[in-house]
Amino acid sequence: MNRLEHLEDDRAGAVKKTRRSFISWFSVGALAVCAGVMTLFNLIFLKPRVSQGAASKFRIGKPENYASGSVVEMKEAKVVVRRDGNRIAAISTICTHLGCTVNSTDVGFECPCHGSIYDLQGDVVAGPAPEPLAWYRVGLTPSGELEIDKQSVVDAGTYLEVEA
Amino acid sequence: MSVDRVPEKPLPEGDKPGLISSLKQMPTRIYHSIFRYRPVPQNELEQAQAVADNFFFHIHSAKVRERSLKLKTTFGLGMLTLNVFLILCATGVLLMFYYVPSPDEAYERMQDLNGAVFFGRFLRNVHRWAAEAMVVLAVLHMMRVFLTGAHKSPREWNWVLGVVLLLLTLFMSFTGYLLPWDQLAYWAVTVGTAIAKYAPLIGEDLRYVLLGADEVGGEALIRFYVLHVAVLPAIMFALIGWHFWRIRKDGGLARPTTPQKNEVTPVTPDEQPEYDRFPKTEGKTYGLMAVIPIRTPQTGADVEKQVHSWPSALGRELVLFVITLLALSLAAIVWDAPLEGPADPSHPPNPAKAPWYFLGLQEMVAYDAFWGGIGIPTIFVLLAFVAPYLERRKGGEGVWFHPSRSAANWTFLSIMLLLTVLTIIGTFFRGENWDFVVPW
Ligand code: HEM
Ligand code: FES
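The present account deals with the structure reproduced in this document. Not measured: the values here are computed from a predicted model.

If you tally the helices and strands in chain A, you get 1 helix and 11 strands. Counted from the first residue to the last, chain A has its helices and strands arranged as α-β-β-β-β-β-β-β-β-β-β-β. Dimensions of chain A, computed from the C-alpha atoms along their principal axes, are close to 105 × 40 × 25 Å. Each of the 164 residues in chain A was classed as buried or not, and the buried ones make up 33%. In chain A, 40% of the contacts between residues at least 6 apart in sequence involve partners at least 24 apart. For chain A, the accessible area works out to roughly 10300 Å², and carbon and sulfur atoms hold 58% of it.

All names here are of chain B. Residues L178, W181 and V216 are the most contacted members of the largest nonpolar core, which totals 55 residues. No other element matches helix α9 (residues 183-196), which puts 7 residues into this core. Residues in contact with V216, not counting those within four places in the same chain, are L178, W181, Y186, V189, T190, T193 and L211. The next biggest cluster of nonpolar side chains, apart from the first, holds 23 residues, and it includes I87, L88, A130 and L161.

This paragraph deals with helix α15 (residues 406-428) of chain B. In a regular helix each residue adds 1.5 Å, so 23 residues correspond to 33 Å; α15(B) covers 32 Å between its end C-alpha atoms and thus fits that length. Looking at the buried side of α15(B), the elements it contacts are α7 (120-147) and α13 (359-367) of chain B.

Residue and element names in this part refer to chain B. Residue P154 is bonded to the preceding S153 through a cis peptide linkage, with omega at 5°. On the secondary structure map, P154 appears in the loop between α7 and α8 (156-178). For the peptide bond that leads from W310 to P311, omega is 5°, which places it in the cis range. Among the secondary structure elements, P311 is positioned in helix α12 (residues 309-334). One non-glycine residue with positive phi stands out, namely F75, at about 55°. Tracing the backbone through its elements, the reader meets F75 in the loop between α4 (71-74) and α5 (77-96). One non-glycine residue, F401, lies in positive phi territory at about 45°.

Once that is clear, we can look at the interface of chain B and chain A. Listed by partner, the interface residues are 29 residues for chain B and 24 residues for chain A. Summed over both partners, the interface of chain B with chain A comes to about 2100 Å²; 57% of that surface belongs to carbon and sulfur atoms. The residue K47(A) makes a salt bridge to D205(B) at a minimum N-O spacing of 3.1 Å. Viewed at the interface, chain A and chain B are joined by 6 residue pairs in polar contact (both at pLDDT 80 or more).

Moving on, we come to the coordination of the iron atom of ligand 1. Note on metal sites: the ideal angle is 109.5 degrees for four tetrahedral donors, and 90 or 180 degrees for six octahedral donors. Residue and element names in this part refer to chain B. The protein atoms that coordinate the iron atom of ligand 1 are H141 (NE2) and H243 (NE2), at distances spanning 2.0 to 2.1 Å. Each of the 6 donor atoms around the iron atom of ligand 1 contributes to a set of angles spanning 86 to 179°, which defines the coordination as octahedral. In this pair, H141 sits in helix α7 while H243 sits in helix α11 (residues 218-249), placing the two residues 102 residues apart along the sequence.

The subject of this paragraph is the sheet that holds strand β8 (residues 124-126) of chain A. Residues and elements named next belong to chain A. Spatially, 4 strands are ordered β5-β6-β7-β8 in an open sheet, and the strand pairing comes out antiparallel. Edge positions in the sheet fall to β5 (103-105) and β8, since each of these pairs with one other strand and no more. Taking the axes of each pair of neighbouring strands and ignoring which way they run, one obtains an average angle of 30° across the sheet. Where β5 meets strand β6 (residues 108-110), 3 bridges bridge the pair, whose relative direction is antiparallel. Residue pairing in the sheet places S104 in a bridge with F109 of β6.

Conventions used here
- Per chain, residue numbering runs from 1 following the sequence as it is written.
- Each chain gets a letter, beginning with A, and each ligand a number, beginning with 1, in the order they are written.
- Reporting in this predicted model follows two pLDDT cut-offs: at least 70 for local features of residues, and 80 or more for side-chain atom pairs to be given and counted; totals over whole chains, interfaces and linings ignore these cut-offs and use all residues.
- Hydrogen atoms and water are omitted, and side-chain values are computed over all heavy atoms in the structure.
- For helices the rule is a DSSP run of H or I covering at least 4 residues; for strands it is a run of E covering at least 2, with both sets numbered from the N terminus onward.
- Any residue under 20% of the maximum accessible area for its type is buried, any over 50% is exposed, and the rest in between are partly exposed; the area is computed with a 1.4 Å probe on protein chains only.
- Throughout, a residue-residue contact means that at least one pair of heavy atoms, one from each residue, lies within 4.5 Å.
- Per-residue and other accessible areas were derived by the Shrake-Rupley procedure at a 1.4 Å probe size, with only the shown protein chains allowed to occlude residues.
- Joining through side-chain atoms within 4.5 Å is the link that ties buried Ala, Val, Leu, Ile, Met, Phe, Trp, Tyr and Cys residues into a set, and such a set is a nonpolar core.
- Residue count minus one, scaled by 1.5 Å, sets the expected span of a helix.
- Accessible area, probed at 1.4 Å, shrinks when two parts are joined; the buried area is that loss added up over both.
- The rule for a salt bridge is simple: a side-chain nitrogen of Lys or Arg has to be within 4 Å of a carboxyl oxygen of Asp or Glu.
- The definition of a polar contact used here is a pair of N or O atoms within 3.5 Å, where within protein one atom must be able to donate a hydrogen and the other to accept one, and adjacent residues in sequence count solely through side-chain atom pairs.
- The rule for donors is simple: an N, O or S atom within 2.8 Å of the metal counts, and for Na, K and Ca the reach is 3.2 Å. Water is not among the atoms, so a site may look short of donors.
- Just to be clear on the cut-offs, tetrahedral is four donors with all angles between 85 and 135 degrees, square planar is four donors and octahedral six with opposite donors over 155 degrees apart and all others between 65 and 115, and anything else goes down as irregular.
- One requirement defines pairing of two strands: DSSP has to find at least two bridges between them.
- Under this scheme, a helix contributes an axis fitted over its contacting stretch, all axes are lines through C-alpha atoms, and angles between N-to-C directions fall in the 0 to 180 degree range.

Below, the structure is given as structure tokens:
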């Protein structure tokens with residue numbers, strides 16, 4: 001082999017090498033991108049867009065079914081509906097400590113699990129609960145029915161005004 | 001190596017392999033097509049083959065150090081954990097034939113298993129007690145590894161795999177806890193997953209993805225079921241395989257660099273290998289080993305006592321397995337797995353408790369939600385992961401409570417003691433409203 005041939009040989013080798021390394025890097029890159037995208041999409045897949053469980057919005061009948069001063073506990077939905085005069089509110093009965101269902105009492109709420117006590121507003125009076133009970137938005141449907149939306153938490157003390 | 005391992009009787013000259021003789025030879029031929037050695041090894045070569053040529057046994061090396069088999073080296077704890085895991089897989093698959101992961105059916109199915117299905121109660125009991133035992137055994141195994149310094153270099157990664165296995169064991173137990181769909185299950189999981197909510201940023205999402213809804217319900221049940229019967233066991237199988245492979249690649253079980261007198265066979269002078277008496281001249285090499293940049297084989301040193309895995313290691317493993325099986329069977333006959341009333345989302349029990357191995361956590365949550373439920377546990381888990389990388393000083397490997405490691409051991413034991421005490425308080429000393437009670 002003369003020098004020229006050597007040179008050409010080297011050049012061919014170099015081309016081969018860059019081609020190989022390109023293919024390698026491309027494959028590794030493509031795999032990484034696929035893995036990333038798949039992981040992300042699968043995580044989103046795992047997070048339900050609509051809850052398959054109990055509906056978050058539900059109707060609880062007309063305002064006139066609730067006498068002023070009444071407190072109605074809805075065990076299934078885990079809310080308490082309270083009417084003071086012309087104002088209606090829905091308060092969650094899910095304890096903010098570790099998720100037990102609190103019981104409604106004359107002076108507020110009591111959690112049977114670890115003894116958290118809340119006042120009528122849902123503010124913590126005693127026990128390990130770190131936050132007050134959640135208040136949910138109460139609305140009126142066109143047909144005049146009350147509707148609670150558990151996805152929308154409102155400030156404590158937010159009532160729906162209804163006609164007397 | 002393709003040695004003709006089993007002497008086969010050659011066909012007599014001129015004998016045509018006819019149908020009759022083929023039939024006669026069939027059992028032997030079938031046997032030898034599966035096993036390349038005799039049923040009971042007759043010499044050391046066959047003993048080695050019985051291990052190395054067997055798909056299930058070749059996870060072992062042909063020979064193991066006598067020291068590794070001593071009870072006080074490991075107390076067989078890793079093996080016991082494995083046995084319990086295997087029994088869990090077997091009984092779990094059987095339970096799956098009757099179980100339906102739906103809120104309408106799950107509880108009834110559990111009642112059926114307890115009463116109507118032949119052998120159902122026994123299988124369920126074994127599965128339950130094995131699950132509790134696995135948590136305990138994995139923790140004890142971890143303690144023995146740490147207290148014998150077996151997590152240090154070069155075994156750091158196997159320790160990390162172990163920590164992952166322990167977390168998976170806990171998660172496995174936790175996902176299984178929900179499946180009976182009784183009051184105990186429902187509220188333990190409600191309380192247990194509520195702890196996740198205290199994690200900053202991801203807490204709410206984590207719980208939502210885990211439960212598939214805002215609260216424990218049908219979605220959570222199917223998710224926990226899939227994790228419990230498919231995802232987690234598959235991951236654990238793979239990781240346990242990796243864990244075992246690493247033990248061999250890390251040079252077998254941890255042991256002191258200088259073995260004790262009774263662990264070695266001294267090499268007598270006339271057994272000194274030839275090449276050790278070569279004059280050592282600089283710049284000259286006497287073997288290929290010298291040009292490869294790895295540690296050269298040791299010569300002239302005392303030889304550690306080794307025994308064949310068949311039957312020494314395999315026999316002990318068999319005994320351990322039988323002990324596990326008998327203990328769990330006995331437990332299953334004597335004690336029934338708990339099954340309370342059906343899950344009732346509107347009536348929490350007082351107090352509502354997470355599964356017992358999370359009660360230390362729940363106890364801490366009662367003091368401070370974030371630090372108890374997330375902060376401190378995260379610190380402990382991170383500490384566990386990095387422990388072998390923190391403790392870099394050599395020495396004390398394979399020795400219980402080695403004096404040079406007393407600081408590490410005391411730190412470790414204090415943390416374990418703290419967690420144990422908290423768990424005991426949470427389990428026995430907490431009554432209604434999580435008030436302190438005295439159990440007697
Ligand atoms: C959960 C399932 C687990 C199984 C089935 C398992 C099984 C085993 C087995 C059979 C051994 C051989 C020695 C012995 O029996 O002690 C072993 C060794 C080892 N395990 Fe585990 N283990 C598990 C979890 C863990 C955990 C939680 C840790 C630590 C955090 C751990 C760290 C180690 C280490 C570092 C070794 C090597 C010990 C040495 O060289 O002496 N493993 N494991
Ligand atoms: S869940 Fe209500 S006090 Fe703990």
